[in-house]
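Overview (structure and organization)
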Amino acid sequence: MTLKQIEEKIEKIKLEISNIDGMRPGHLVKQYNVCGNKNCKCKDPKNPKKHGPYILVPYTLNGKRSTTFIHAHYVGEVKKQIKNYKKLKSLIKDWAKLGLAHSILKMKLIKNEVKIK
């Protein structure tokens, strides 16, 4: 690849990143719980029926783990936000690879110019 081709790909990545709207780290998880009421259906020894599902999004951000409960109404939007976050991470990784290739190629070209002079 030439420097120009690499730079064009980087510009395309920048444009894609600028078009990402709404994102969040994590993944969706369904959880069923048992409550503290000893007479509840969730504690039935023969046929327990746990409460739920509750929808959670566990995630790690800046080295800190956390979990957010999500109302079922927002699951579609949250799925989209998680997908957008994964896309951003992928684009950043591609950009880093291209940036490295750009740097190496540029140094080779400069080295060759110095030898020619």
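See the structure printed just above.
Residues numbered from 1 in each chain as written. Predicted model: local features only at pLDDT ≥ 70, side-chain atom pairs only at ≥ 80, totals over all residues. Heavy atoms only, no water.

1. A closer look at the overall build of the protein chain
Helix and strand counts for the protein chain come out as two helices and three strands. Reading the helices (α) and strands (β) of the protein chain from amino to carboxyl end gives α-β-β-β-α. For 117 residues, the compact-globule estimate of 2.2 N^0.38 gives 13 Å, and the protein chain exceeds it by more than 25% at 25 Å. Expressed as lengths along the three principal axes of its C-alpha atoms, the size of the protein chain is roughly 90 × 25 × 20 Å. For the protein chain, with 117 residues in total, the buried portion stands at 18%. For the protein chain, long-range pairs separated by at least 24 residues make up 58% of all intrachain contacts whose partners lie at least 6 apart in sequence. Looking at the protein chain as shown, the accessible area adds up to about 9400 Å², and 55% of this sits on carbon and sulfur atoms. Across the protein chain, the 27 positively charged side chains and the 9 negatively charged ones have centroids separated by 12 Å. (Helix = DSSP H or I, 4+ residues; strand = E, 2+ residues; numbered from the N terminus. Rg over C-alpha atoms; globule rule 2.2 N^0.38 Å. Buried < 20%, exposed > 50% of the residue type's maximum accessible area, 1.4 Å probe, protein only. Contact = heavy atoms within 4.5 Å. Areas by Shrake-Rupley, 256 points an atom, 1.4 Å probe, with all protein chains shown as cover. Lys, Arg positive; Asp, Glu negative; His and termini not counted. Charge placed at Lys NZ, Arg CZ, Asp CG, Glu CD.)

2. Focus: the sheet that holds strand β3 (residues 64-70)
Reading across from one edge, β1-β2-β3 is the order of the three strands in this open sheet, with antiparallel pairing throughout. Looking at strand neighbours, the two that pair on one side only are β1 (29-33) and β3, the edges of this open sheet. On average, each strand axis in the sheet is inclined to that of its neighbour by 40 degrees, with strand direction left out of account. Summarising the sheet, β1 and strand β2 (residues 51-61) pair through four bridges and their orientation is antiparallel. Its bridge partner being in β2, K30 is matched across the sheet by I55. (Pairing = 2+ DSSP bridges. Axes fitted to C-alpha atoms, helices over the stretch in contact; angles between N-to-C directions.)

3. So, a positive patch on the surface
A surface patch of like charges, here positive, comprises K86, K89, K93 and K97. Inspection of the secondary structure puts K93 in helix α2 (residues 75-116). (Patch = residues over 30% accessible without salt bridge, like charges linked within 9 Å, V, L, I, M, F, W, Y side chains within 5 Å. Salt bridge = Lys/Arg side-chain N within 4 Å of Asp/Glu carboxyl O.)

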